[in-house]
Amino acid sequence: MEFKFSQGLRQQLIDYFLRRHKVEVSQGEADEFLDSMADLYSVFKRRNGGEKFSSRASGRKRSPRSYLTGL
């Protein structure tokens, strides 16, 4: 099976679900969840007129990937 997202990103999502929700997620499911989150992000980006989201706490711009990875 070919995955759309990197092994590291999928593993972060798997670890998160296990730690926070006590749910085991497969590599394939992780890839599907990430794909859904990316689609959701693209909808928000279009509604914002293509502007980057900003972090309210720090006032600095954040990259799209940081919203998915928490970095």
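Residues numbered from 1 in each chain as written. Predicted model: local features only at pLDDT ≥ 70, side-chain atom pairs only at ≥ 80, totals over all residues. Heavy atoms only, no water.

## Things to note about the confidence of the model for the chain
Parts of the prediction with low pLDDT should not have their coordinates interpreted in detail.
Okay, so step 1: Per-residue pLDDT for the chain averages 82, and the proportion of residues at 70 or more is 68%.
Okay, so step 2: The weakest mean pLDDT in the chain belongs to helix H3 (residues 64–69) at 60; the strongest belongs to helix H1 (residues 7–21) at 97. (pLDDT = per-residue confidence, 0-100. Helix = DSSP H or I, 4+ residues; strand = E, 2+ residues; numbered from the N terminus.)

## Description of the packing of H1 against helix H2 (residues 27–47)
Okay, so step 1: Direction vectors running N to C along H1 and H2 enclose 95 degrees, while the axes themselves pass 9 Å from each other. Taken as axis vectors, H1 and H2 run roughly perpendicular relative to one another. In this structure, H1 contributes Gln 7, Leu 9, Arg 10, Gln 11, Leu 13, Ile 14 and Phe 17 to the contact, and H2 contributes Gln 27, Ala 30, Asp 31, Phe 33, Leu 34 and Met 37. (Axes fitted to C-alpha atoms, helices over the stretch in contact; angles between N-to-C directions. Parallel < 35°, antiparallel > 145°, perpendicular 65-115°, else oblique. Contact = heavy atoms within 4.5 Å.)

## With respect to H2
Okay, so step 1: Along its 21 residues, H2 runs 31 Å from first to last C-alpha, staying within 8% of the 30 Å computed at 1.5 Å per residue.
Okay, so step 2: By the burial criterion, the buried members of H2 are Gly 28, Ala 30, Asp 31, Leu 34 and Tyr 41. Buried residues of H2 fall within an arc of 155 degrees about the axis and therefore sit on the same side. Away from the buried face of H2 by more than 90 degrees, exposed residues Glu 32, Arg 46 and Arg 47 are located. (Expected span 1.5 Å × (residues − 1). Buried < 20%, exposed > 50% of the residue type's maximum accessible area, 1.4 Å probe, protein only. Arc of directions from axis to C-beta.)

## Re H1
Okay, so step 1: An ideal rise of 1.5 Å per residue puts 21 Å on 15 residues; H1 measures up with 21 Å between its terminal C-alpha atoms.
Okay, so step 2: Turning to H1, its buried residues are Leu 9, Arg 10, Leu 13 and Ile 14. Angularly, the buried residues of H1 cover 140 degrees about the axis, an arc narrow enough to put them on a single face.

## A closer look at the nonpolar core
Okay, so step 1: Phe 5, Leu 9, Leu 13, Ile 14, Val 25, Ala 30 and Leu 34 together form the largest nonpolar core, which totals seven residues.
Okay, so step 2: Within the residue set of this core, elements represented by two or more residues are H1 and H2.
Okay, so step 3: For this core, the leading source of residues is H1, giving three residues. (Core = buried A, V, L, I, M, F, W, Y, C linked by side-chain atoms within 4.5 Å.)

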